[in-house]
Amino acid sequence: MEKHTNITEQNLIKALKQGSHKAFDRIYQMYSKRLYAYSLQFTKSPEESEDIVQDVFIKLWTNKENIKQDETLRSLLFIMVKHHLINAYRSRLNHPVYEEYIKYTETLSVNDTHHHVEYTEFVQQVRTAIGTLPSTQQKVIVLSRMQHLPNKEIAEKLSLSEQTVKNQLSLGLKSLKEKLGLLSFILMLLFIN
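Along each chain, numbering runs from 1 in the same order as the chain's sequence is written. Side-chain atom pairs in this predicted model are given and counted only at pLDDT of 80 or more, local residue features only at pLDDT of at least 70, and totals for whole chains, interfaces and linings cover all residues. Water and hydrogen atoms were dropped before computing side-chain values, which therefore reflect all heavy atoms in the structure.

Once that is clear, we can look at the overall build of the protein chain. Within the protein chain one finds 10 helices and zero strands. Only DSSP runs of H or I with at least four residues qualify as helices, and only runs of E with at least two residues qualify as strands; both kinds are numbered from the N terminus onward. The order of helices and strands in the protein chain, counted from the N terminus, is α-α-α-α-α-α-α-α-α-α. Working rule for contacts: check all heavy atoms of both residues, and any pair within 4.5 Å makes them a contact. The long-range share in the protein chain, meaning contacts at least 24 apart out of those at least 6 apart in sequence, stands at 64%. Accessible area for the protein chain stands at about 11,600 Å²; split by element, carbon and sulfur atoms hold 52% of it. Note that accessible areas follow from Shrake-Rupley with a 1.4 Å probe, and for residues the cover is restricted to the protein chains shown.

Each axis is a line fitted through C-alpha atoms, taken for helices only over the stretch in contact, and angles between the N-to-C directions span 0 to 180 degrees. Two elements in contact, helix 8 (residues 151-158) and helix 9 (residues 162-180), have axes separated by 8 Å at closest approach and are oriented at 105 degrees. Between helix 8 and helix 9, the angle falls in the class roughly perpendicular. Here Asn151, Lys152, Ile154 and Ala155 of helix 8 come into contact with helix 9, specifically with Glu162, Val165, Lys166 and Leu169. The nonpolar class holds Ala, Val, Leu, Ile, Met, Phe, Trp, Tyr, Cys and Pro. Asp, Glu, Lys and Arg form the charged class, and all remaining residues, Gly among them, are polar. Residues that form the contact of helix 8 with helix 9 fall into these classes: four nonpolar, one polar and three charged. These descriptions rest on fixed angle ranges, namely under 35 degrees for roughly parallel, over 145 for roughly antiparallel, 65 to 115 for roughly perpendicular, and the rest for oblique.

This part covers helix 3 (residues 46-62). Expected span, for any helix, means 1.5 Å times one less than how many residues it has. A rise of 1.5 Å per residue sets the reference length of helix 3, with its 17 residues, at 24 Å; its end C-alpha atoms lie 24 Å apart and thus fit the reference within 8%. Between buried and exposed lies partly exposed: a residue is buried under 20% and exposed over 50% of the maximum accessible area for its type, with that area taken using a 1.4 Å probe on protein chains only. Looking at helix 3, one finds that the buried residues are Ser49, Ile52, Val53, Val56, Phe57 and Leu60. Looking straight down helix 3, one finds its buried side chains confined to an arc of 125 degrees; they lie on one side. Turned more than 90 degrees from where helix 3 packs its buried face, Glu47, Ile58 and Thr62 sit exposed. The arc under discussion is defined with respect to the helix axis, by the directions toward the C-beta atoms.

As a further point, take the environment of valine 56. Topologically, valine 56 is positioned in helix 3. It is 9.7 Å that separates the C-alpha atoms of valine 56 and histidine 83, two residues lying 27 residues apart in sequence.

The next thing to look at is the layout of surface pockets. Leftover empty space is mapped by rolling, across the atoms, a probe with the size of a water molecule. The volume enclosed by the largest pocket comes to roughly 640 Å³. Along the walls of the largest pocket sit 22 residues, with Arg34, Ala37, Leu149, Pro150 and Asn151 positioned nearest its centre. Counting residues per element, the ones that place at least two in the lining of the largest pocket are helix 2 (21-43), helix 7 (135-146), helix 8 and helix 9. Broken down by element, the lining of the largest pocket gets its largest block of residues, seven residues, from helix 2. Residues belonging to the lining of the largest pocket are distributed by class as follows: eight nonpolar, six polar and eight charged. Using a grid of 1 Å spacing that covers the protein atoms alone, one calls a set of points a cavity when a 1.4 Å probe fits there but cannot get out, and a pocket when the set is open and has protein on both sides within 12 Å along at least five of seven lines; lining residues are those with an atom within 4 Å of a point. Grid points are joined across faces, edges and corners, and a volume is the space filled by probe spheres set on the points.

All right, on to a negative patch on the surface then. Distance thresholds for patches are 9 Å for like charges and 5 Å for nonpolar side chains (Val, Leu, Ile, Met, Phe, Trp, Tyr), applied to residues having over 30% relative accessible area and no salt bridge. For salt bridges, the criterion is a side-chain nitrogen of Lys or Arg within 4 Å of an Asp or Glu carboxyl oxygen. As used throughout, the charge tally considers Lys and Arg to be positive and Asp and Glu to be negative, leaving His and the chain termini uncounted. A charge is said to be at NZ when it belongs to Lys, at CZ for Arg, at CG for Asp and at CD for Glu. A cluster of acidic residues, Glu47, Glu50, Asp51 and Asp55, forms a negative patch at the surface. Within the secondary structure layout, aspartate 51 lies in helix 3.

Let us now look at the environment of glutamine 138. Inspection of the secondary structure assignment puts glutamine 138 in helix 7. Each C-alpha atom, one on glutamine 138 and one on arginine 127, is 9.7 Å from the other, the two residues being 11 residues apart in sequence. If we ignore the near neighbours within four places in the chain, the residues touching glutamine 138 are Ile130, Gly131 and Leu133.

Working definition: rings of Phe, Tyr and Trp (its six-membered ring) pair if their centres are within 6.5 Å, and the pair is stacked with planes under 30 degrees apart, edge-to-face with planes over 60 apart, and tilted otherwise. Tallied over the entire structure, the rule returns four aromatic pairs. Here the aromatic rings of phenylalanine 24 and phenylalanine 57 are separated by 6.0 Å at their centres, their planes lie at 80 degrees, and the arrangement is edge-to-face. Taken as a pair, phenylalanine 24 in helix 2 and phenylalanine 57 in helix 3 lie far apart in primary sequence, 33 residues in all. When its relative accessible area of 15% is taken as the criterion, phenylalanine 24 is described as buried. With 5.2 Å between their ring centres and 80 degrees between their planes, tyrosine 38 and phenylalanine 78 make a pair best called edge-to-face. In this pair, tyrosine 38 sits in helix 2 while phenylalanine 78 sits in helix 4 (residues 74-91), placing the two residues 40 residues apart along the sequence. Using a relative accessible area of 4% as the deciding quantity, one classes tyrosine 38 as buried. Assessed through its relative accessible area of 4%, phenylalanine 78 is described here as buried. Following the ring pairs from residue to residue traces out a cluster consisting of Phe24, Tyr28, Phe57 and Trp61. Placement of a charge over a ring requires the Lys NZ or Arg CZ to be within 6 Å of the ring centre, with the centre-to-atom vector within 35 degrees of the ring normal. Taking the ring centre of tryptophan 61 as reference, the NZ or CZ of lysine 64 above it sits at 3.9 Å.

And the structure:
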């Protein structure tokens, strides 16, 4: 059972930097489920998702003195998970998504200008696809996938029920997958902020 305390995340980060195991445990409680759910979308493997979350928290602990964030670790932790997911795809040499990813990056690395144009076009394609969704789905996807807010916070921000947020997110992501194709959809989730 979780105790409600007045300890802010700012104080937890400060204590973590000084080596507090309690602060580390509290941060783990705050984020592990969200990071696990985020990983699971891509890995489809509970074990692999658990490993990724464990690795991220081990890395957080071993590099605690170097944490630059003062107010929240949300972005840092999600970025760390993203990097793990990208490396997981890279390590699966026979994975069809990995092969597509390699083809995609090979076409991008011809020259930097071309790379920049390609990436910009890709981002534009994603934004256009999101723009075709109903207004509520657009807002929910941006808050959930790009700002990494939990469903409860999104529900409060948009004055919706949590179930409505889940439904709109599910419908919106399904539509995006159809509009973008699987590879672009995965790249969108991994690379676009």
